[in-house]
Amino acid sequence: MMDAFSSAAQNTSFAGRRLHLGICGSIACYKMADVLRALLKMGLHVSVTLTDGARQFVTPGLFEALGAMPVFTNHAPRQDSFGEEAFAHLEPGQRAEAMLIAPASADALARLAGGRACDMLSAQALAFDGPLLVAPAMNPRMWAHAATQDNVATLRRRGVRILAPGNGSTACGDQGQGRLVSSDELLLACLQALAPQDMAGLRVMVTLGPTREPWDGVRFWSNPSSGRMGAALATAAWLRGATVEAVCGPGCPPLPDGVRRHDVRTAREMFEAAQSLWSEMDLGAFSAAVADFSPVPYGEAKFKKEGASDGFSVSFTSNPDILRTLSLGRREGQKVLGFAAETAPDMDALMTLVRGKRQRKQADLLAGNAVNAPGCGFGTDSNSMAVLDKNGHEEIWTSQSKADVAWKLWSWLLRV
Ligand code: C5P
């Protein structure tokens, strides 16, 4: 749970944003406590409305105790979150920047489609003119019914984003489409609704993770890259509206469903996948830790220690430099972000290495991190960076989450 989200969850740029959650009666209600906690942890301000149906499963006290403010029910509080007299049915519309209704019952879909204002949540939705996201959950026959499908079509036509339920077994024992989408998807959809869409219309390619260069039938040459920096880049670009192609080495984390994922194994496979995508791209971020060399294969069989002499040697051949090749061969208007994983005694020494690398790779922007510094580089959630652009502008960023690093790197690349 919350895998794809973990690359976005440490993004501090959503702190202080305001979201309203509407919760309807469904066994899936309990999942919303986790969703709320994750949003609050990112510093969002979240208000909640429980329908009478939801109150059959969860209590206002649960959401209040977790930190939602205020929690509305059909019995309106007379004061808002600032202690002022309020019209409860209008408050989310005046304060929230996006509204998510999840789980949304069949009846809630009907009320929304019909423009009803017969309960607190329906009235609040009617008085809300920001982005509305609706994640239905119900029995598969109720979901498939023409009445429900008509309501969904009506809502879609009005610009409501429907997070269609998934397939599987439902609480009532039936099989089919009706399960609430994952908490990850709910969270990412909320962030996407709040994110600036400054990358809309851009096609972005990200390379990420390690590559594996096979030697014998069971062994390979690789490095400990986790792909987290690249996952943060792919997720951030997707949140900001880009179309994202992620070329992933082995073991990369899950990515948002909206990101197109191309799984590869070796440096050569990564090169071929990236090269075939590149001509259609506007931006490229090359965060993969590509193996510079591949062992000359021993063969398909396992190399046996019996008979192997101490100090036996393995030969290596060079791999294509994906970043350099695509950067030098780019067409007009394409922009390139490169990375450098270095061992350096301090940030100034790192910056010196980064300057040389930016020049050699002809990147518009190059971000270097010291993989030997504690809490930085391979497999961590944070990075200290030395960043340099083609105009000679340089910045040193002290330790921060990879989500924040990714967010800032895209902003920089867009304006360079
Ligand atoms: O030369 P070095 O490996 O240090 O350069 C690092 C940068 O080059 C990273 O952006 C990495 O993704 C990219 N690279 C590449 N193909 C290689 C080696 C590195 O794309 N074979």
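In what follows, the structure referred to is the one given above.
An account of the accompanying structure is given in this report. (Residues numbered from 1 in each chain as written. Predicted model: local features only at pLDDT ≥ 70, side-chain atom pairs only at ≥ 80, totals over all residues. Heavy atoms only, no water.)

With that settled, consider the sheet that holds strand S4 (residues 98-104). Here we have six strands laid out as an open sheet, ordered S3-S2-S1-S4-S5-S6, and parallel in their pairing. Only two strands of the sheet have a single neighbouring strand rather than two, namely strand S3 (71-72) and strand S6 (161-162). Here strand S1 (residues 18-23) runs beside S4; their pairing, made up of four bridges, is parallel. Within S4, the position partnered with Gly22 by the bridge is Ile101. The strands that helix H9 (residues 183-194) touches are S1, S4, strand S5 (132-136) and S6; relative to S4, the one it contacts most, it runs at about 160°. (Pairing = 2+ DSSP bridges. Helix = DSSP H or I, 4+ residues; strand = E, 2+ residues; numbered from the N terminus. Contact = heavy atoms within 4.5 Å. Axes fitted to C-alpha atoms, helices over the stretch in contact; angles between N-to-C directions.)

For sheets, the rule is that strands pair by backbone hydrogen bonds, running either parallel or antiparallel. Reading across the sheet, the eight strands line up as S13-S12-S9-S14-S17-S18-S19-S20 and stay open at both edges, with mixed pairing between neighbours. Looking at strand neighbours, the two that pair on one side only are strand S13 (260-263) and strand S20 (394-401), the edges of this open sheet. Put simply, the sheet's adjacent strands are angled 15° from each other on average, direction ignored. Across four bridges, strand S14 (residues 283-286) lies against strand S17 (residues 335-342) in parallel orientation. The residue bridging Gly284 from the neighbouring strand is Val336, located in S17. Across the face of the sheet, helix H13 (residues 347-361) comes into contact with S17, strand S18 (365-370), strand S19 (382-389) and S20 while running at roughly 50° to S19.

Residues in close proximity to the ligand include Phe286, Ala288, Val290, Asp292, Pro320, Asp321, Ile322, Leu323, Gly338, Phe339, Lys357 and Lys361, which together make up its full environment. Between Ala288 and the ligand, the recorded distance is 2.6 Å, taken from a backbone N or O atom to an oxygen atom. Taking Pro320, its main chain carries an N or O atom lying 2.9 Å from a nitrogen atom of the ligand. Notes on the ligand: free accessible area 450 Å², of which the protein chains cover 86%. More than half of the atoms belonging to the ligand lie within 2 Å of the grid points that define the largest pocket. Split into classes, the residues belonging to the shell around the ligand amount to seven nonpolar, one polar and four charged. (Near = heavy atom within 4 Å. Polar contact = N/O pair within 3.5 Å; in protein donor to acceptor, adjacent residues only side chain to side chain. Areas by Shrake-Rupley, 256 points an atom, 1.4 Å probe, with all protein chains shown as cover. 1 Å grid on protein atoms, 1.4 Å probe; cavity = no way out; pocket = protein on both sides within 12 Å on 5 of 7 lines; lining within 4 Å. Sits in = over half its atoms within 2 Å of the grid points. Nonpolar A, V, L, I, M, F, W, Y, C, P; charged D, E, K, R; others polar.)

With that settled, consider the pairing of S4. Across the seven residues that make up S4, a large majority, seven, are buried. As defined by bridge partners, S4 adjoins S5 across four bridges and the pair is classed as parallel. Note on S5: the bridge partner recorded for Leu100 is Leu133. (Buried < 20%, exposed > 50% of the residue type's maximum accessible area, 1.4 Å probe, protein only.)

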